[in-house]
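Report on the structure
Spelled out from the first residue to the last, the chains are:
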Amino acid sequence: PMITAKIASTIDGRIATASGESQWITGPLSRALGHGMRARNDAILVGARTAIADDPSLACRLPGLEGASPIRVVVDGRNELPLTHNLVATADRSSTWMLTRADGDAARRKAYTDCGVRLIDIPAGQDGTLDLAAAMRALGDSGITRLMVEGGGRLIAGLLQADLVDRLVWFRAPKMIGDDGVPAVAGFGVRELDGAVNFVKVSTRPVGADIVETYVRQR
């Protein structure tokens, strides 16, 4: 799919305080634009830890566009998502897919499918985490052409490291948290500038008190 990473952070690139508080860093206009982005994508992707921490609905909540909500996709190689989680509990009403490993606990896997979650088995890489390139191919094979990634920082870092992000939309609030806050993107092994992932900025505009910047991948 064409992959867009969407980040909402402070101007120093933090998405939460050291205690994990993140709602709401950006303002209401930025959040409304984010919901509009959801409506324009086939699916929205989050990591399991972000889903557990935030318990999001991942739906489009703009009036009149509720029916345009995307498929919710969770990267969860260890089947950590609780069965009581909002994404699982509502899977029979709003499509929820899980990218996971085939060797997970059979009873746990059955419980997810009984709740309506679609499991998509992805091979693991050498470090035991899911092969994200294979995961994106599997989503493409399932008909997803436009995918929005909403976090967390480890998932976005993994996608950047695998050179899978095509576009970056970054909402920045005029706030600072400091380096004890949670970074928008986790480390992914860049030791020299030649290894940096490069983007080209294509737009900048104010959104209420915030700024939204759009970048495309430079290849």
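Presented here is an overview of the structure given in this document.

If you trace the backbone, Asp76 turns up in the loop between strand 4 (71–75) and helix 3 (86–89). Buried and unpaired, Asp76 has Arg108 as its nearest opposite-charge partner, separated by 6.5 Å. Setting aside chain neighbours within four positions, we find Asp76 in contact with Ala48, Leu81, Met98, Leu99, Thr100 and Tyr112.

Let's shift gears to unusual backbone geometry. A cis amide bond links Gly151 to the next residue, Gly152, at an omega of 5 degrees. A positive phi angle, close to 55 degrees, is found at Asn79, a residue other than glycine. Mapping Asn79 onto the fold places it in the loop between strand 4 and helix 3.

Here we take up the packing of aromatic side chains. Counted under the stated rule, the structure contains zero aromatic pairs. When the ring centre of Trp97 is taken as origin, the NZ or CZ atom of Arg118, which lies over that ring, is 4.6 Å away. Looking at Arg172, its charged tip hangs above the ring of Trp170, at a distance of 4.2 Å from the centre.

Turning our eyes to something else, we now look at the nonpolar core. Considering soluble globular proteins, one finds that nonpolar side chains tend to be buried as a cluster. Among the nonpolar cores identified, the biggest contains 32 residues, and Leu45, Leu99, Met136, Leu139 and Leu159 are the most heavily contacted of them. Every element with two or more residues in this core is listed here: strand 1 (2–10), strand 3 (43–47), strand 4, strand 5 (96–100), helix 5 (132–141), strand 7 (146–149), helix 6 (153–161) and strand 8 (167–173). Examining the composition of this core, we find that six residues originate from one element, helix 5, more than from any other. Among the nonpolar cores identified, the runner-up in size contains 20 residues, and Leu81, Val88, Tyr112 and Val212 belong to it.

Turning next to the pattern of salt bridges. The tally for this structure, following the rule as stated, stands at eight salt bridges. With a shortest N-O distance of 2.9 Å, Glu150 and Arg38 are connected by a salt bridge. Residue Glu150 is located in the loop between strand 7 and helix 6, and its partner Arg38 is located in helix 1 (residues 28–39); the two are separated by 112 residues in the primary sequence. We classify Arg38 as buried; its relative accessible area is 9%.

Here the focus is the sheet that holds strand 3. Strand order in the open sheet formed by nine strands is 6-5-4-3-7-1-8-11-10, and the pairing between neighbours is mixed. This sheet does not close on itself; its edge strands, each paired only once, are strand 6 (118–121) and strand 10 (199–207). Taking each pair of neighbouring strands and ignoring which way they run, the sheet shows an average axis angle of 20 degrees. Two strands pair when backbone bridges link them, and strand 4 and strand 5 are joined in this way by four bridges, in the parallel orientation.

Next up on the list: the environment of Ile177. Position of Ile177 relative to the elements: it lies in the loop between strand 8 and strand 9 (182–183). Judged by relative accessible area, which is 27%, Ile177 ranks as partly exposed. When near neighbours in sequence (up to four residues on either side) are disregarded, Ile177 contacts Thr10, Asp12, Arg14, Ala16 and Thr17.

Time to look at the environment of Gly181. Within the element layout of this structure, Gly181 appears in the loop between strand 8 and strand 9. Taking the relative accessible area as the measure of exposure, Gly181 reaches 8% and is therefore buried. Note: C-alpha distance between Gly181 and Thr17 (164 residues apart in sequence) is 4.4 Å. Setting aside anything within four residues of it in sequence, one finds Gly181 in contact with Arg14, Ala16, Thr17 and Ala18.

Its 12 residues place the ends of helix 1 17 Å apart at the C-alpha level, agreeing with the 16 Å of an ideal helix rising 1.5 Å per residue. Among the residues of helix 1, those classed as buried are Ser30, Gly34, His35, Gly36, Met37 and Arg38. In this fold, the buried residues of helix 1 make contact with strand 1, strand 3, strand 7, strand 8, strand 10 and strand 11 (210–217).

On the surface, Val200, Val202 and Val216 cluster together to form a nonpolar patch covering roughly 200 Å² of accessible area. Note on placement: Val216 falls in strand 11.

Calculation criteria
Residues numbered from 1 in each chain as written. Predicted model: local features only at pLDDT ≥ 70, side-chain atom pairs only at ≥ 80, totals over all residues. Heavy atoms only, no water. Helix = DSSP H or I, 4+ residues; strand = E, 2+ residues; numbered from the N terminus. Buried < 20%, exposed > 50% of the residue type's maximum accessible area, 1.4 Å probe, protein only. Lys, Arg positive; Asp, Glu negative; His and termini not counted. Salt bridge = Lys/Arg side-chain N within 4 Å of Asp/Glu carboxyl O. Contact = heavy atoms within 4.5 Å. Phe/Tyr/Trp six-rings, centres within 6.5 Å; stacked < 30°, edge-to-face > 60°. Lys NZ or Arg CZ within 6 Å of the ring centre and 35° of its normal. Core = buried A, V, L, I, M, F, W, Y, C linked by side-chain atoms within 4.5 Å. Pairing = 2+ DSSP bridges. Axes fitted to C-alpha atoms, helices over the stretch in contact; angles between N-to-C directions. Expected span 1.5 Å × (residues − 1). Patch = residues over 30% accessible without salt bridge, like charges linked within 9 Å, V, L, I, M, F, W, Y side chains within 5 Å. Areas by Shrake-Rupley, 256 points an atom, 1.4 Å probe, with all protein chains shown as cover.

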